[in-house]
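Each chain, letter by letter, is given below.
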Amino acid sequence: MSNSKPPRVIPVHDQRQSAHPMPPANTHGGPSLTTLPMDRLGRPLRDLRISVTDRCNFRCSYCMPKEVFDKDYQYLPQSALLSFEEIVQVAREFVGLGVQKIRLTGGEPLLRKNLELLIAQLAVLRTPQGQPLDITLTTNGALLARKAKALRDAGLQRVTVSLDGLDDGVFRQMNDVDFPVSEVLKGIEAAQAAGLGPIKVNMVVKRGTNDHEILAMARHFRGTGIVLRFIEYMDVGATNGWRMDEVLPSAQVVERLQTEFALVPLEAFAPGETAQRWAYADAQGKPDAHAGEIGVISSVTQAFCGDCNRARLSTEGQLYLCLFASRGYDLRSLLRGGASANDLAGSIRAIWAQRDDRYSMLRASLPASDVAAPGRRVEMSYIGG
Ligand code: SAM
Ligand code: SF4
Ligand code: SF4
């Protein structure tokens with residue numbers, strides 16, 4: 001009898017083409033302060049994440065495992081991608097309906113050609129109250145040293161950089177393309193120099209792979225003005241072979257940090273915020289502004305669906321209402337079918353009004369086979385993190 005372990009990587013089942021039927025557009029009222037849509041759980045729409053490419057120059061095993069995303073993998077053709085004009089058209093309607101924050105993501109967003117032209121077009125949008133948007137971008141940092149200044153000049157305000165360890169060997173193993181950590185650190189410096197702050201650094205913690213880097217990461221970023229956030233490894237997508245025993249609960253991350261640093265809890269900045277914030281404490285046990293703060297994102301062990309105000313627009317214009325959804329709503333067909341701005345806004349309003357997604361809250365009560373759910377959920381590289 002063989003002792004070999006079962007395969008950890010599950011072949012991808014392509015869900016990109018099947019969409020939910022579009023509900024009838026709700027075009028009453030028009031976008032105004034009094035008609036901001038709430039979903040069925042009373043949650044407003046505030047945060048739009050836009051995936052600008054499904055491609056990436058890394059192969060993080062928790063996101064785009066090499067065995068699946070290999071040279072034969074069929075990425076979307078250029079014609080399937082939303083153009084910048086189409087993205088701005090959709091974004092404008094979302095902003096009219098209450099979105100205040102736009103995050104560009106992917107895949108690796110810095111691989112999208114001329115991204116700064118899109119940023120410049122988004123930067124001129126205004127909320128119904130006349131406020132500029134909070135525009136940010138999540139990147140693996142590989143191209144950031146080269147692009148930080150142009151991004152800032154185009155109107156990007158801040159960046160979040162994903163970095164899973166400081167040890168070069170661990171980092172190369174996690175990105176799985178042998179990319180050196182020094183280049184990402186240079187990218188973070190360039191972003192700081194360009195004024196793309198406050199910078200956040202996200203570390204996905206995988207027990208047994210990079211959890212021994214937690215303290216080194218905290219030491220490195222403490223007192224730099226950069227907010228380090230530890231993310232629980234999630235069962236997102238269907239290809240990463242996720243297992244609960246590889247999740248290090250955030251409570252344990254905090255315990256490990258407290259072996260070296262005194263921490264005090266901080267209030268959330270805003271409803272819908274994903275991270276629980278902790279400040280480094282001074283000698284009096286008060287938040288030490290100079291040392292800064294860290295965050296933990298407990299997507300698995302402590303669901304935060306209750307005030308989730310995020311929607312995601314995939315690379316090809318499908319609207320997803322949850323990171324764990326298996327189907328989106330095809331806004332691209334509306335756009336390319338000549339829908340008016342009013343119709344587009346009406347469809348978005350109707351889609352949001354019927355939203356009841358709360359996967360993380362339900363996870364614990366789902367059968368184990370549904371949590372592993374091979375082949376049912378879309379990949380994070382497609383809808384964006
Ligand atoms: N390529 C960019 C990057 O890595 O920052 C943007 C896209 S990536 C999908 C967005 C975020 O999702 C990253 O911070 C990444 O670490 C996180 N992520 C991807 N797969 C994850 C998983 N299985 N669990 C937790 N976070 C994950
Ligand atoms: Fe690429 Fe980001 Fe996914 Fe890593 S997490 S494979 S960098 S998209
Ligand atoms: Fe939002 Fe879905 Fe995540 Fe819950 S599981 S916080 S609804 S994206």
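> Can you break down the overall build of the protein residue by residue, with the values?
A tally of helices and strands in the protein yields twelve helices and 13 strands. Computed over C-alpha atoms, the radius of gyration of the protein comes to 20 Å, within 12% of the 21 Å expected from 2.2 N^0.38 for 385 residues, which places it in the range of a compact globule. In terms of overall dimensions, the protein has a C-alpha envelope of 60 × 55 × 40 Å along the principal axes. When each of the 385 residues of the protein is scored for burial, the buried share is 54%. At a minimum sequence separation of 6, the contacts of the protein that also span at least 24 residues come to 74%. Per element, the accessible surface of the protein, about 16700 Å² overall, is 53% carbon and sulfur.

> Describe the nonpolar core, and please don't skip the residues or the numbers.
Among soluble globular proteins, nonpolar side chains are generally buried collectively. Formed by 115 residues in total, the largest nonpolar core has its most connected members in I102, L104, L163 and F230. Contact partners of F230, with chain neighbours within four places excluded, come to M203, V205, I214, V253, L257, I294, G295, V296 and I297.

> Hey, could you go over the pattern of salt bridges for me, with residue numbers and the actual values?
Per the stated rule, a full pass over the model turns up 17 salt bridges. Between D176 and K66 there is a salt bridge, and its shortest N-O distance comes to 3.7 Å. Here the residue D176 occupies a position in the loop between α4 (168-175) and α5 (181-194), and K66 occupies one in the loop between β2 (47-51) and α1 (84-96), the gap between them amounting to 110 residues. Classification of D176 as partly exposed rests on a relative accessible area of 25%. A salt bridge links D134 to R158; its shortest N-O distance comes to 2.8 Å.

> Describe the site of ligand 2, and please don't skip the residues or the numbers.
What surrounds ligand 2 is the set C56, F58, C60, Y62, C63, M64, G107 and N140. Grouping the amino acids of the shell around ligand 2 by side-chain chemistry returns six nonpolar, two polar and no charged.

> Describe the packing of aromatic side chains, and please don't skip the residues or the numbers.
Applying the stated criterion across every chain, the model contains six aromatic pairs. Ring centres of F69 and Y73 lie 4.6 Å apart, and the angle between their planes is 45°; on these two criteria the pair is classed as tilted. By relative accessible area, which is 3% here, F69 ends up buried. Look at F261 and Y280: their rings are 5.2 Å apart centre to centre, the planes differ by 75°, and that puts the pair in the edge-to-face class. Of this pair, F261 sits in the loop between α7 (250-258) and β8 (263-265) while Y280 sits in strand β9 (residues 276-280), and the two are 19 residues apart along the sequence. Per residue, the accessibility class of F261 equals that of Y280, and both read buried. When the ring centre of Y233 is taken as origin, the NZ or CZ atom of K206, which lies over that ring, is 5.0 Å away. In this arrangement the basic side chain of R222 is found over the ring face of Y280, its NZ or CZ atom lying 4.9 Å from the centre.

> Which residues make up the pairing of strand β3 (residues 101-105), and what values go with them?
Counting buried residues in β3 gives four out of five residues, a clear majority hidden from the surface. Relative to β3, β2 runs parallel, the two sharing five bridges. In the strand pairing of β3, R49 is matched with R103. Each parallel crossover has a hand, and for β2 linked through α1 to β3 it is right-handed. By the bridge criterion, four bridges tie β3 to strand β4 (residues 134-139) in an arrangement that is parallel. Bridge pairing links L104 to L137 in β4. Where the polypeptide runs from β3 across helix α2 (residues 115-123) and back to β4, its parallel neighbour, the crossover connection is right-handed.

> Please set out the environment of L76 residue by residue, giving values where relevant.
Inspection of the secondary structure puts L76 in the loop between β2 and α1. For L76, a relative accessible area of 5% corresponds to the buried category.

> Let's hear about the site of ligand 3: which residues, and what values?
In the vicinity of ligand 3 lie 13 residues, with C305, C308, C322, L323 and S360 positioned nearest. Looking at the shell around ligand 3, the elements with two or more residues in it are β11 (310-313) and α10 (359-363). The residue inventory of the shell around ligand 3, partitioned by class, reads seven nonpolar, one polar and five charged.

> A description of the packing of helix α3 (residues 144-154) against α5 should follow, citing residues and the corresponding values.
Taken N-terminus to C-terminus, the directions of α3 and α5 make an angle of 20°; their axes are 8 Å apart at the nearest point. As the angle between them shows, α3 and α5 are arranged roughly parallel. The handedness of the crossing between α3 and α5 is right-handed. Of α5, the residues touching α3 (which contributes L144, A145, A148, K149 and R152) are K186, G187, I188, A190, A191 and A194. When its residues are assigned to classes, the contact of α3 with α5 shows seven nonpolar, one polar and three charged.

Each value, and the rule that gives it
Residues numbered from 1 in each chain as written. Chains lettered and ligands numbered in written order. Predicted model: local features only at pLDDT ≥ 70, side-chain atom pairs only at ≥ 80, totals over all residues. Heavy atoms only, no water. Helix = DSSP H or I, 4+ residues; strand = E, 2+ residues; numbered from the N terminus. Rg over C-alpha atoms; globule rule 2.2 N^0.38 Å. Buried < 20%, exposed > 50% of the residue type's maximum accessible area, 1.4 Å probe, protein only. Contact = heavy atoms within 4.5 Å. Areas by Shrake-Rupley, 256 points an atom, 1.4 Å probe, with all protein chains shown as cover. Core = buried A, V, L, I, M, F, W, Y, C linked by side-chain atoms within 4.5 Å. Salt bridge = Lys/Arg side-chain N within 4 Å of Asp/Glu carboxyl O. Near = heavy atom within 4 Å. Nonpolar A, V, L, I, M, F, W, Y, C, P; charged D, E, K, R; others polar. Phe/Tyr/Trp six-rings, centres within 6.5 Å; stacked < 30°, edge-to-face > 60°. Lys NZ or Arg CZ within 6 Å of the ring centre and 35° of its normal. Pairing = 2+ DSSP bridges. Right-handed = clockwise from strand over helix to strand, strands pointing away. Axes fitted to C-alpha atoms, helices over the stretch in contact; angles between N-to-C directions. Parallel < 35°, antiparallel > 145°, perpendicular 65-115°, else oblique. Left-handed = near helix turned anticlockwise from the far one by under 90°.

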